[in-house]
Amino acid sequence: MKIPQSVLTEREFDLSYNVKEGVCKFNIHNSEEHEMAKALLMFRMMHNGHKMFSEVIFKGKKARADLVNATTGTIIELLSSEKIEDAKEKEKYYPASLMIQYYDAKDVLTKY
């Protein structure tokens, strides 16, 4: 029997950080543009049937992911003031079993 991708993905979460499906958590240290893009992207993906989580910390890791799509096993990072090179530095803190996608926050707000 094959284990669903969402189960494999959620096994990586550190549940002591109160991870809840479908709840968009906002981080006051990010820009309004960043947080609005996160909410919009999460809403649209959920509307298309994806299991979504925000501000996820993984077991034994230091970094916090903006969004995680458990349906596809993908970490989603939104870039507003951060450069892609800086964002890619965090990849070593994410589980190797998950893919990582980067979105420009401005593009999300204007093109999606």
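Residues numbered from 1 in each chain as written. Predicted model: local features only at pLDDT ≥ 70, side-chain atom pairs only at ≥ 80, totals over all residues. Heavy atoms only, no water.

Draft legend 1. Structural context of the side chain of Glu-77. Position of Glu-77 relative to the elements: it lies in strand 3 (residues 74-79). Among the polar contacts made by the side chain of Glu-77, one reaches the side chain of Lys-90 at a distance of 3.4 Å. Only 2.5 Å separates the side chain of Glu-77 from the side chain of Tyr-94, close enough to count as a polar contact. (Helix = DSSP H or I, 4+ residues; strand = E, 2+ residues; numbered from the N terminus. Polar contact = N/O pair within 3.5 Å; in protein donor to acceptor, adjacent residues only side chain to side chain.)

Draft legend 2. Spatial organisation of a nonpolar patch on the surface. A grouping of Ile-3, Val-7 and Leu-8 is seen on the molecular surface, where their side chains present a nonpolar patch of about 200 Å² in accessible area. Residue classification places Val-7 among the partly exposed residues on the basis of a relative accessible area of 35%. (Patch = residues over 30% accessible without salt bridge, like charges linked within 9 Å, V, L, I, M, F, W, Y side chains within 5 Å. Areas by Shrake-Rupley, 256 points an atom, 1.4 Å probe, with all protein chains shown as cover. Salt bridge = Lys/Arg side-chain N within 4 Å of Asp/Glu carboxyl O. Buried < 20%, exposed > 50% of the residue type's maximum accessible area, 1.4 Å probe, protein only.)

Draft legend 3. Here's a closer look at the packing of aromatic side chains. A full pass over the atoms with the stated rule returns 3 aromatic pairs. Each ring, one from Phe-13 and one from Phe-53, has its centre 5.0 Å from the other, and the planes form 75°; the classification is edge-to-face. Linking Phe-13 in the loop between helix 1 (5-10) and helix 2 (32-47) with Phe-53 in strand 1 (residues 52-57), this pair joins segments that are 40 residues apart in sequence. As far as the burial class goes, Phe-13 and Phe-53 line up, both buried. (Phe/Tyr/Trp six-rings, centres within 6.5 Å; stacked < 30°, edge-to-face > 60°.)

Draft legend 4. Seen up close, the side chain of Lys-38. Inspection of the secondary structure puts Lys-38 in helix 2. A polar contact is formed between the side chain of Lys-38 and the side chain of Glu-55, at a distance of 2.6 Å. Ignoring sequence-local partners within four residues, the contact set of Lys-38 consists of Cys-24, Lys-25, Phe-26, Asn-27, Ser-54, Glu-55, Asp-66, Leu-67 and Leu-78. (Contact = heavy atoms within 4.5 Å.)

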